Amino acid sequence: IVLSMHSGHLAVGSPYHRRDLNGDGNIIDAGGIWMYSLNVDSFWEPTQKIISSKRSANQMFGHTIAIYGNQMVVGVPKTNTSVFGENNVPEVGAVWVYDFDGNWNETIILRSGIEKANEHFGESVDIKDDLIIVGAPGSNTEENYQNSGLEGQTIELGSMYIFAKIDSVWRLLD
């Protein structure tokens, strides 16, 4: 279970969840998120269930979650490019962005642009104001370390991506 809480919103992620919004559709490890709001009596009330708009087996939607104000980001590092109708590259990852206006609504799906197998974009996520930070531990591979004692080995260095909301559009910063 994954938890994130801010401003009276609580997200509970279950990346191994199998069912759709109606409790049907047994898709292995598709994942889901349950939203709760703090009511006037200081009790958490369930308000919404969210599943991936690109739902697939082993996707693990809700693997990482961050909420800030009325915005939420959901890291889905096991997403394959086939869910976007493209040739399959396994576990490149993606990040779903939601805004709250009484309900949580998907606004965009962020991707790294590299789309290397096992990149795991979305392994870690955070959001504050108009900035989103996304970790991708498998995105930067170095295969030649001279004079380091690691020559010939492949090491996953990883990358961090920063997106800024500029004129209401999320853009990857250089």
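Residues numbered from 1 in each chain as written. Predicted model: local features only at pLDDT ≥ 70, side-chain atom pairs only at ≥ 80, totals over all residues. Heavy atoms only, no water.

### Re the side chain of serine 112
Its location among the elements puts serine 112 in the loop between β8 (104–110) and β9 (124–128). In terms of polar contacts, serine 112 uses its side chain to reach the backbone amide nitrogen of isoleucine 114, at 3.0 Å. (Helix = DSSP H or I, 4+ residues; strand = E, 2+ residues; numbered from the N terminus. Polar contact = N/O pair within 3.5 Å; in protein donor to acceptor, adjacent residues only side chain to side chain.)

### Regarding a nonpolar patch on the surface
Judged by side-chain polarity, Met5, Leu38 and Trp44 come together as a nonpolar surface patch covering roughly 300 Å² of accessible area. Inspection of the secondary structure puts leucine 38 in strand β3 (residues 32–38). In this structure leucine 38 comes out as partly exposed when scored by relative accessible area, which is 43%. (Patch = residues over 30% accessible without salt bridge, like charges linked within 9 Å, V, L, I, M, F, W, Y side chains within 5 Å. Areas by Shrake-Rupley, 256 points an atom, 1.4 Å probe, with all protein chains shown as cover. Salt bridge = Lys/Arg side-chain N within 4 Å of Asp/Glu carboxyl O. Buried < 20%, exposed > 50% of the residue type's maximum accessible area, 1.4 Å probe, protein only.)

### Comments concerning the pairing of strand β1 (residues 2–6)
Pairing geometry for β1 and strand β2 (residues 9–14), over five bridges, is antiparallel. The partner of leucine 3 across the bridge, within β2, is valine 12. Linking β1 to β2, which pair antiparallel, is a turn of two residues; within it serine 7 sits at a positive phi near 50°. (Pairing = 2+ DSSP bridges.)

### Some thoughts on the sheet that holds strand β6 (residues 71–76)
Taken together, the four strands give an open sheet; going across it, the order is β5-β6-β7-β8, and neighbouring strands pair in antiparallel fashion. Both edges of this open sheet fall to β5 (64–68) and β8, since each of them pairs with a single strand only. Adjacent strand axes in the sheet meet at a mean angle of 20°, parallel and antiparallel pairs treated alike. Relative to strand β7 (residues 94–100), β6 runs antiparallel, the two sharing six bridges. In the sheet register, methionine 72 faces β7, and the bridge partner there is tyrosine 98. (Axes fitted to C-alpha atoms, helices over the stretch in contact; angles between N-to-C directions.)

### Looking at the side chain of serine 52
Here serine 52 shows up in the loop between β4 (44–50) and β5. One polar contact links the side chain of serine 52 to the main-chain amide nitrogen of lysine 54, over a distance of 2.9 Å. At 3.3 Å, the side chain of serine 52 and the side chain of glutamine 59 are in polar contact. When neighbours within four sequence positions are excluded, serine 52 is seen to be in contact with Gln59, Phe61 and Trp96. (Contact = heavy atoms within 4.5 Å.)

### Re the packing of aromatic side chains
Applying the stated criterion across every chain yields a total of four aromatic pairs. Taking 5.2 Å as the distance between ring centres and 75° as the angle between the ring planes, the aromatic pair formed by phenylalanine 121 and tyrosine 161 counts as edge-to-face. Pair noted here: phenylalanine 121 is in the loop between β8 and β9 and tyrosine 161 is in strand β13 (residues 159–166), with a separation of 40 residues, a long-range link. This pair shows no difference in class: phenylalanine 121 is buried, exactly as tyrosine 161 is. (Phe/Tyr/Trp six-rings, centres within 6.5 Å; stacked < 30°, edge-to-face > 60°.)

### Considerations on the pattern of salt bridges
Overall, the coordinates contain three salt bridges when judged by the stated rule. Among the ionic pairs, glutamate 91 bridges to lysine 78, the shortest N-O distance being 3.9 Å. Linking glutamate 91 in the loop between β6 and β7 with lysine 78 in the loop between β6 and β7, this pair joins segments that are 13 residues apart in sequence. For glutamate 91, a relative accessible area of 22% gives the class partly exposed. For lysine 78, a relative accessible area of 31% gives the class partly exposed. Put simply, glutamate 86 and arginine 111 hold a salt bridge, and the shortest N to O gap is 2.8 Å. On the criterion of sequence distance, the pair formed by glutamate 86 in the loop between β6 and β7 and arginine 111 in the loop between β8 and β9 is long-range, its members being 25 residues apart. What emerges from the salt-bridge pattern is a single network uniting Glu86, Arg111 and Glu115.

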